[in-house]
Amino acid sequence: MRYLTIWFQSLTTDWHRAHSPGLAATAFVLAAPEHGRMLVTEASREAREKGIHAPMTVADARAIFPSLVVLQDDPQRPAQLLQYFAAWFIRYTPMVATDAPDGLVLEVTGCAHLWGGEETYLAEIISRLARLGYQVRAAMADTIGAAWAVTRYGSQGNIINSGQQFTALLSLPPSALRLALDTVERLEKLGLRQVKDFISLPRTALRRRFGQSLLQRMNQAIGSEVENIVPIHPPQSFQERLPSLEPIVTATGIAIALERLLDGLCSQLQKSEQGMREASFKCFRIDGKTEQINISTIRPSCNAHHLFKLFEFQLPRIAPGPGFELFVLEAPVVEDAGAGQQALWKNNNGVTATRVAELLDRISGKVGSGHIHRYLPDAHYWPERSYIKVMELEEQPALPWHTDRPRPIQLLKNPQPIEVTAPIPDYPPMLFRLKGKLHKITRADGPERIEQEWWLQEGLHRDYYTVEDEEGCRYWIFRSGHYDTSKTYQWFLHGFFA
């Protein structure tokens, strides 16, 4: 394993300078109130050169340098900046973790060769951050502990060759092992001011005098004890990455990159007998911004051509800006999709046919997945309860659809009240008014009585009529309860026929 640690020497002050050009070459500090006083929390390089440092009071700092610029500190900003840079560094490796308050840890195993080797890789990262206005130190080693120690305390070289972390630690101070402050102070009081002074001492004596934490940090740094990172975005099991040596700015180049990634990812899925249900295509721009588009499928799919067609609808939304340097394709949701048996004769699989599912995927890509629904019959009498929405094409109905009575192609979720004129009880209505428009009925059929489901709730029965107005439009309306001239009864519109 190879790890890279990065130390932002002046994280928040560099951020202020990058976002406020007027602070260039200006001595300034960040300050926050504490017990009625304003204390310096971080000082710029120019302020430190004048002897101003944290946690000095602002009053003392201004006594040293009267024209000092004081800015309000935001305690949340360091964590926010680390999260931003952790996401930004995914262009260099998929395994990035924050190391509060001012560092990052990257697992870079197998990544450096894409930039021509570890030296070029590290130089690219440092120079890229410098162009953004951030001064950093960085080092690479086989362990997190060794890389961290050399980053902050090393003076010779920032790339520790594989297996050389023990030697690299010897001349460093005890604090390079990420020890607690009281442990460092006790070591220095005993004259153990470098790692080489105690790293070879008997472990039992060190444990008895300084506790297990010292041994753990030593073991982690030299590699005899495993230390793992917790990345901000755990890499997906199915992921393909494609870096670009030159920025990609054309739609053709983006499409070619997507095709290559799909071919590689679908090959992975086929070997694992998996199919993607959701996928995201991320494009990392050289200015630090990220463009992303997502797709979803109705059935698990590893058909690269079909998946490209789904992405193709959204490709125009991608803004290349100054150009893309990295493309990443991920399948966060996959399902089993074993190889299906090929039929010798033509058959009809209905909605379970692969081509039907792919057609629905393409339609949802154009109109949105929320506009396509599938319903199955449910065991209820009332029309609005007689069906259920399902998400899967493979789900089979528990009972058949009732086709002995006509039903509208569009059923309202909630029946809409209407005004109806009917001549005599149980006679089809002559006209009705809907949203201020009068509809004269020319044909009618009914009534069809549907009783209330008393085991669910109490209520009146419904008498349904299928009616057609003078314009040829057909409606499904009903009267709630018995006709009674002495009582108020209500009519409702419940659906529309084709």
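Our subject is the structure that appears above.
Quick look at the structure, then. Fair warning: this is a prediction, and the values are worked out from it, not measured in the lab. (Residues numbered from 1 in each chain as written. Predicted model: local features only at pLDDT ≥ 70, side-chain atom pairs only at ≥ 80, totals over all residues. Heavy atoms only, no water.)

Side note on the overall build of the protein chain
Counting its secondary structure elements, the protein chain contains 13 helices and 19 strands. Its C-alpha atoms put the protein chain at 110 × 70 × 55 Å along the principal axes. Contacts in the protein chain between residues far apart in sequence, at least 24 positions, make up 58% of those at least 6 positions apart. Averaged over its 53 positive side-chain charges, the protein chain has a centre that lies 3 Å from the centre of its 55 negative ones. (Helix = DSSP H or I, 4+ residues; strand = E, 2+ residues; numbered from the N terminus. Contact = heavy atoms within 4.5 Å. Lys, Arg positive; Asp, Glu negative; His and termini not counted. Charge placed at Lys NZ, Arg CZ, Asp CG, Glu CD.)

So, the pattern of salt bridges
One pass over the full model with this rule turns up 26 salt bridges. Arginine 277 serves as the salt-bridge partner of glutamate 335, at 3.1 Å between the closest nitrogen and oxygen. Placement of the pair is glutamate 335 in strand 11 (residues 324–336) and arginine 277 in strand 9 (residues 274–285), with a sequence separation of 58 residues. Look at arginine 277 and you get buried, because its relative accessible area is 13%. (Salt bridge = Lys/Arg side-chain N within 4 Å of Asp/Glu carboxyl O. Buried < 20%, exposed > 50% of the residue type's maximum accessible area, 1.4 Å probe, protein only.)

Some remarks on the side chain of glutamate 325
Within the secondary structure layout, glutamate 325 lies in strand 11. When its relative accessible area of 16% is taken as the criterion, glutamate 325 is described as buried. Of note is the side chain of glutamate 325, whose polar atom sits 2.8 Å from the side chain of arginine 128. If near-sequence neighbours (up to four positions away) are discounted, glutamate 325 is found in contact with Arg91, Arg128, Leu242, Pro243, Ser244, Phe284, Arg285 and Ile286. (Polar contact = N/O pair within 3.5 Å; in protein donor to acceptor, adjacent residues only side chain to side chain.)

What to know about the nonpolar core
Formed by 30 residues in total, the largest nonpolar core has its most connected members in Leu4, Ile6, Phe8 and Phe89. Where this core is concerned, the elements lending two or more residues are strand 1 (3–8), helix 1 (11–19), helix 4 (77–88), strand 6 (103–107), helix 5 (118–131), strand 7 (136–141) and strand 11. The element contributing the most residues to this core is helix 4, with five residues. Setting aside residues no more than four positions away along its own chain, leucine 4 makes contact with Leu104, Val105, Leu106, Val108, Tyr121, Leu122, Ile125, Ala138, Ala139 and Met140. Ranked by size, the runner-up nonpolar core spans 27 residues in total, among them Phe281, Phe311, Ile318 and Phe327. (Core = buried A, V, L, I, M, F, W, Y, C linked by side-chain atoms within 4.5 Å.)

Regarding the sheet that holds strand 15 (residues 431–434)
Pairing within the closed barrel is antiparallel, and its six strands lie in the order 14-15-16-17-18-19. Neighbour to neighbour, the strand axes of the sheet diverge by 45 degrees on average, direction disregarded. Strand direction decides the pairing type here: strand 14 (residues 410–421) and strand 19 (residues 490–496), joined by five bridges, are antiparallel. Residue pairing for strand 19: glutamine 410 is matched across the bridge by phenylalanine 496. (Pairing = 2+ DSSP bridges. Axes fitted to C-alpha atoms, helices over the stretch in contact; angles between N-to-C directions.)

Quick notes on the sheet that holds strand 3 (residues 37–43)
Sheet architecture is open: three strands sit in the order 3-2-4, paired in mixed fashion. Of all the strands in the sheet, just strand 3 and strand 4 (69–72) have a single pairing partner and so form its edges. Strand-to-strand twist across the sheet, computed as the mean angle between neighbouring axes with direction ignored, equals 45 degrees. Relative to strand 3, strand 2 (residues 28–34) runs antiparallel, the two sharing six bridges. Directly across from alanine 32, in strand 3, lies its bridge partner leucine 39. Where helix 1 meets the sheet, it contacts strand 2, strand 3 and strand 4, and its direction lies at approximately 120 degrees from that of strand 2.

So, the pairing of strand 1
Summarising burial for strand 1: six of the six residues are buried, a large majority. The alternating pattern of strand 1 places Tyr3, Thr5 and Trp7 on one face and Leu4, Ile6 and Phe8 on the opposite face, and all of these are buried. Bridging between strand 1 and strand 7 involves six bridges; their strand directions are antiparallel. Along strand 7, the bridge assignment pairs tryptophan 7 with arginine 137.

Side note on the environment of alanine 147
One can find alanine 147 in helix 6 (residues 144–153). The exposure class of alanine 147 is buried, given its relative accessible area of 0%. Once the C-alpha coordinates of alanine 147 and glutamine 165 are considered, the two residues, 18 residues apart in sequence, prove to be 8.3 Å apart.

Side note on the side chain of glutamate 384
Mapped onto the secondary structure, glutamate 384 falls in the loop between strand 12 (374–377) and strand 13 (387–390). Within the local environment of glutamate 384, its side chain forms a polar contact with the side chain of histidine 494, the two groups lying 3.4 Å apart. Contacts of glutamate 384, omitting those with residues within four sequence positions, involve Leu411, Lys413, Arg462 and His494.

Section: the state of the cysteines
In the structure shown here, the tally under the stated rule is zero disulfides. Cysteine cysteine 302 shares no disulfide, and the gap to the nearest cysteine sulfur, in cysteine 266, comes to 6.0 Å. Judged by relative accessible area, cysteine 302 falls into the partly exposed class, the value being 22%. (Disulfide = S-S within 2.5 Å.)

A short note on the environment of cysteine 473
Assignment of secondary structure puts cysteine 473 in the loop between strand 17 (462–469) and strand 18 (474–480). The class for cysteine 473 is partly exposed, based on a relative accessible area of 32%. As for cysteine 473 and isoleucine 254, which are separated by 219 residues in sequence, their C-alpha atoms are 49 Å apart. Leaving out residues up to four positions away in the same chain, cysteine 473 has contacts with Val467 and Glu468.

A short note on the packing of aromatic side chains
This structure, assessed with the given rule, holds 21 aromatic pairs. For the ring pair tyrosine 84 and phenylalanine 85, a centre distance of 5.2 Å and an interplane angle of 75 degrees mean the geometry is edge-to-face. The class for tyrosine 84 is partly exposed, based on a relative accessible area of 43%. By relative accessible area, which is 1% here, phenylalanine 85 ends up buried. Ring centres of phenylalanine 281 and phenylalanine 327 lie 5.9 Å apart, and the angle between their planes is 10 degrees; this geometry places the pair in the stacked category. Of this pair, phenylalanine 281 sits in strand 9 while phenylalanine 327 sits in strand 11; the two residues are 46 residues apart in sequence, bridging distant segments of the chain. On the basis of relative accessible area, phenylalanine 281 is assigned to the buried category, the value being 0%. (Phe/Tyr/Trp six-rings, centres within 6.5 Å; stacked < 30°, edge-to-face > 60°.)

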